Amino acid sequence: MLTYLLRRLAYAIPILLGVNLLTFALFFMVNTPDDMARMQLGVKRVTAEAIENWKQERGYHLPLLWNGQTGGLEKATQTIFFTKSARMFIGDFGAAEDGRDIAREIRTRMMPSLLIALPTFLIGIAVAVTLALFLAFFRATRLDFWGVSLAVALMSISGLFYIIGGQYLFAKILLLVPISGFGDGLDAWRFVILPVAIGVVSGIGANVRWYRTIFLEETNKEYIRAARARGLPETAIFFRHLLKNAMIPILTGVVVVIPSLFMGSLLMESFFGIPGLGSYTIDAINAQDFSVVRAMVFIGSVLYILGLILTDFSYTLVDPRIRFA
Amino acid sequence: MSIQVVFLWSDILLWLLCFAALVFGLRSMRVIHLARGWAKLARNPVATGTATVLAAFLLVGLLDSLHYREALPPTSDIEQNAEIRYGVEVISALDYFLHPLRTQHEKTYSAPFATRLYAMESVETPTGVTRIYPRLAYGGAYLDDESDKMADILTRLMTGIFLALILSAVLFIVFRHTLRTKYPGFAWQGMLAALCGIALIFLPLFFLTDGYHALGTDKVGQDVLYQALKSVRTALIIGLVTTLVMLPIAVLLGIAAGYFRGWIDDIIQYIYTVLNSIPGVLLIAAAVLMMQVVIDTHPEWFSTAAERADLRLLALCLILGVTTWTSLARLLRGETLKLRELEYIEAARAFGVPSGRIIIRHILPNLMHIVIIALVMDFSALVLAEAVLSYVGIGVDPATTSFGTMINNARMELSREPAVWWSLAAAFSFMFALVLAANLFADAVRDAFDPRFEHAPTGGTCQSKG
């Protein structure tokens, strides 16, 4: 088990290196730091000194990959790649445009993000799996047909509609919850409940349909036919046999996103003014704060890879046949 | 009047793409299992119906992709014989048909079917200055008495519905007598229902827009219906041109990885794992931010604003394509791995057929159903993604009319009193119609082409097209 874990972690390193190189190429080679300085300072009427100052302040004055002017190890370390990209591996993300430390910002913003994303995720799965099981139980009936039709209609609605419409209806017309904002401690629930509800509803269409397909594929397997032949009631087949066996395909899709929950939801957080990582990212994109976007890309891929490893482990929990060498 | 035809890059690509799709569709009839898929699709009324709706959207988009500049009228008699000069405004064939909608500007917001402006204005009267809601310049302007409005709207509505019903009846008779006998397998009912639906919506709308802004006007007084129709083209380009970018990468790399295996497979797998591990929105955001810097620092590349907006739209498609090819490539790789072990491929290899020909003759045709399914599935996701990206600020150029920019411009206005809801409603309904049709069509395509659904057992996806 431990060797397996170590091997998986070793696999992750080249991938993260690839992500790192890709973002480096995207942010520093497509556009030189000079271009970025000109962009930040305004395209026209910008002096060479202003650009040089801007670069000096942010450490962009160094060469990209190789510094020939210094000696020894500093040839590799005194470069933009090392100071800006490679240091992300040890959790040093540098400072944002407003001078704040990105790593600290991320730590404080994780909790609000999680407070929205985790309930949305858990309730969303519970609701979708229940409904999908229900539809699969009544498969090939009218109920199933209209259920699937409704699911397709729900998934054809833009996610923005759910958010804008939900916020308008419940916060502005019915005045049930505050329109936006966030509170500390227990008070937070008033701000959390609407985003979570909207998040669950907006995901329901696609999820129900997806789980229903998984369940239906399972119903055609031999062990189900065998169970039926033994005379087991349909309910027992569904809850005791089918649900358990359908866990593997469900887990593949579900577990991988768990670590990414820390990242929060871009749309939900910015619409409801929640001070999480999602709104942080959106603000950074709008302010063209490249260091923050770069940091978020890196963290996002770390969490995704973590999710892949977690997925593998979750298989051992539901399927005793799977063992790691 | 003389015109000067203008070719925008996106126009050329969209037309080329439709042409290519047509050629591919006709050619694929020769491949037996694909021909069977098409035939199965034609027998499905949901498929023919949604295909008709999609074709209507495509017609709007294609008409909107024929751009030209109108000649300016000569300013004086002396210039009569001089060279013809053209206006700077690039307009499309769709604009030509929608001329009244395009030109009838109000001052600012007005609700659907309103005869008066949304905002108060100071008007000088003989007794002094008073603040009133002024009458609109076009919406219901010909009504002497505003209390006639309801009767007028009803008359127009009824005329439209009446004509639509007549048209539907005519279509019904024509279809029954031609399509049913000539092509017995063809599910003409679906097509008929879709055509009748379109007629029932658009004929009344046609009569209503003649006198009113049926969906209201936006902040600068532009007709919302016109904007919604113009947005269709942007949505289609995002949905279709992106696949043009994604398809060659996915097919080439997916098949190469599966067929050659070894180090080629390792490299390709590495590339798509890296791309996959970056959250999609963030990767797109990073790429779009960089593209913006490139565009902003090189203003000399673009001669007109329209050209810049157009190239930005294409760049967005390029970025979306480069970031979304991975899932299709993975599917194709897996399938190729299975195919290359089959006996007929082994036989071909034993005969010394070169790899390139094996791939083109034996492997590619057997992967086509996966490609077709993936393409139609991606389309609706891309249309929805465009709106979200525009909201995040990494979408199309703000000057380009799209569902995303419509929503983005209108979403703050919901908090006004009374709420300005019509722009949002129009954008969301058009998007919903387009995406729903695409989703249903995609389902039908999957049922028709996916061999796993060939002998669908009880409760299989075949019975429930949704």
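Now for a look at the structure at hand. (Residues numbered from 1 in each chain as written. Chains lettered and ligands numbered in written order. Predicted model: local features only at pLDDT ≥ 70, side-chain atom pairs only at ≥ 80, totals over all residues. Heavy atoms only, no water.)

## Points about a nonpolar patch on the surface
Then step 1. Where nonpolar side chains cluster on the molecular surface, the patch consists of Leu17, Leu21, Phe89 and Ile90 of chain A together with Trp263, Ile267, Tyr270 and Ile271 of chain B and spans about 820 Å² of accessible area.
Then step 2. For the nonpolar patch, the element with the highest residue contribution is helix H10 (residues 262–277) of chain B, accounting for 4 residues.
Then step 3. Inspection of the secondary structure puts Phe89 of chain A in the loop between helix H5 (80–85) and helix H6 (102–137). (Patch = residues over 30% accessible without salt bridge, like charges linked within 9 Å, V, L, I, M, F, W, Y side chains within 5 Å. Areas by Shrake-Rupley, 256 points an atom, 1.4 Å probe, with all protein chains shown as cover. Salt bridge = Lys/Arg side-chain N within 4 Å of Asp/Glu carboxyl O. Helix = DSSP H or I, 4+ residues; strand = E, 2+ residues; numbered from the N terminus.)

## A short note on the environment of Phe81 of chain A
Residue and element names in this part refer to chain A.
Then step 1. With respect to the helices and strands, the residue Phe81 is situated in helix H5.
Then step 2. Since its relative accessible area comes to 17%, Phe81 is described here as buried.
Then step 3. When the C-alpha atoms of Phe81 and Phe28 are compared, they prove to be 8.9 Å apart, with 53 residues separating the residues in sequence. (Buried < 20%, exposed > 50% of the residue type's maximum accessible area, 1.4 Å probe, protein only.)

## Some points on the packing of aromatic side chains
All names here are of chain A.
Then step 1. Per the stated rule, a full pass over the model turns up 13 aromatic pairs over all chains.
Then step 2. Ring centres of Phe145 and Trp146 lie 5.1 Å apart, and the angle between their planes is 80°; this geometry places the pair in the edge-to-face category.
Then step 3. Among the aromatic residues, those joined into a ring-pair cluster are Phe134, Phe137, Phe138 and Phe238. (Phe/Tyr/Trp six-rings, centres within 6.5 Å; stacked < 30°, edge-to-face > 60°.)

## Quick word on the side chain of Asp64 of chain B
Residue and element names in this part refer to chain B.
Then step 1. Within the secondary structure, Asp64 is located in the loop between helix H3 (45–63) and strand E2 (67–71).
Then step 2. A polar atom in the side chain of Asp64 sits 2.6 Å from the side chain of Ser92.
Then step 3. With residues near it in sequence (within four places) discarded, Asp64 still touches Ser92, Leu94, Lys230 and Arg233. (Polar contact = N/O pair within 3.5 Å; in protein donor to acceptor, adjacent residues only side chain to side chain. Contact = heavy atoms within 4.5 Å.)

## Remarks on the environment of Val19 of chain A
Then step 1. Within the element layout of this structure, Val19 of chain A appears in helix H1 (residues 2–29).
Then step 2. As a C-alpha pair, Val19 of chain A and Val302 of chain A span 283 residues in sequence and 9.4 Å in three-dimensional space.
Then step 3. Not counting residues within four places of it along the chain, the set of residues in contact with Val19 of chain A comprises Val297 and Ser301 of chain A together with Val274, Ser277 and Ile278 of chain B.

## What about the interface of chain B and chain A?
Then step 1. Of the residues lining the interface, 53 residues belong to chain B; the matching set on chain A comes to 53 residues.
Then step 2. Interface area for chain B against chain A, summed over the two sides, is near 4400 Å², with a carbon-plus-sulfur share of 74%.
Then step 3. The largest share of the area that chain B buries against chain A comes from Leu282, Met290 and Tyr391 of chain B, three residues that together contribute 14% of it.
Then step 4. In this assembly, chain B and chain A are joined by 1 salt bridge.
Then step 5. Taken together, the links from chain B to chain A amount to 5 residue pairs in polar contact (both at pLDDT 80 or more).
Then step 6. Of all the secondary-structure elements, those providing two or more residues to the side of chain B that touches chain A are H10, helix H11 (280–297), helix H15 (368–392) and helix H17 (422–449) of chain B.
Then step 7. Ranked by residues supplied to the side of chain B that touches chain A, first place goes to H11 of chain B with 13 residues.
Then step 8. For the side of chain B that touches chain A, the per-class residue count stands at 32 nonpolar, 13 polar and 8 charged. (Buried area = accessible area lost by both parts, 1.4 Å probe. Nonpolar A, V, L, I, M, F, W, Y, C, P; charged D, E, K, R; others polar.)

## Observations concerning unusual backbone geometry
Then step 1. The phi angle at Ala140 of chain A is positive, at roughly 60°, despite the residue not being glycine.
Then step 2. Examined against the element boundaries, Ala140 of chain A turns out to sit in the loop between H6 and helix H7 (142–155).
Then step 3. Backbone geometry places Arg261 of chain B, a non-glycine residue, at a positive phi of 50°.
Then step 4. Locating Arg261 of chain B in the fold gives a position in the loop between helix H9 (224–260) and H10.
Then step 5. Relative accessible area serves as the criterion here: at 37%, Arg261 of chain B is assigned to the partly exposed category.

## Observations regarding the layout of surface pockets
Residues and elements named next belong to chain B.
Then step 1. Taken as a whole, the second largest pocket encloses approximately 2000 Å³ of empty space.
Then step 2. In terms of lining residues, the second largest pocket is bounded by 47 residues, among which Ala21, Leu22, Phe24, Gly25 and Trp38 are the most central.
Then step 3. Listing elements by their share of the lining of the second largest pocket, those giving two or more residues are helix H1 (9–28), helix H2 (32–43), H3, H9, H15 and H17.
Then step 4. Ranked by residues supplied to the lining of the second largest pocket, first place goes to H1 with 10 residues.
Then step 5. In terms of residue class, the lining of the second largest pocket is built from 39 nonpolar, 6 polar and 2 charged. (1 Å grid on protein atoms, 1.4 Å probe; cavity = no way out; pocket = protein on both sides within 12 Å on 5 of 7 lines; lining within 4 Å. Points joined across faces, edges and corners; volume = space filled by probe spheres on them.)

## So, the pattern of salt bridges
Residues and elements named next belong to chain B.
Then step 1. Enumeration according to the criterion identifies 16 salt bridges over all chains in this entry.
Then step 2. For Arg156, the salt bridge is made with Asp152, and the minimal N-O distance between the two is 3.3 Å. In this pair, Arg156 and Asp152 are both assigned in helix H6 (residues 149–177), 4 residues apart and thus about one turn of the helix distant.
Then step 3. Judged by its relative accessible area of 16%, Arg156 falls in the buried class.
Then step 4. One salt bridge connects Arg340 with Glu341, and the closest N-O pair in it is separated by 3.2 Å.
Then step 5. Judged by its relative accessible area of 40%, Glu341 falls in the partly exposed class.

## Let's talk about the pairing of strand E5 (residues 128–132) of chain B
Residue and element names in this part refer to chain B.
Then step 1. Both strand E4 (residues 121–125) and E5 contribute to a ladder of 5 bridges, which runs antiparallel. Looking at E5, one finds that Glu121 is bridged to Ile132.
Then step 2. In textbook terms, the turn of a hairpin is the stretch between consecutive antiparallel strands, and for E4 and E5 this stretch comprises 2 residues. (Pairing = 2+ DSSP bridges.)

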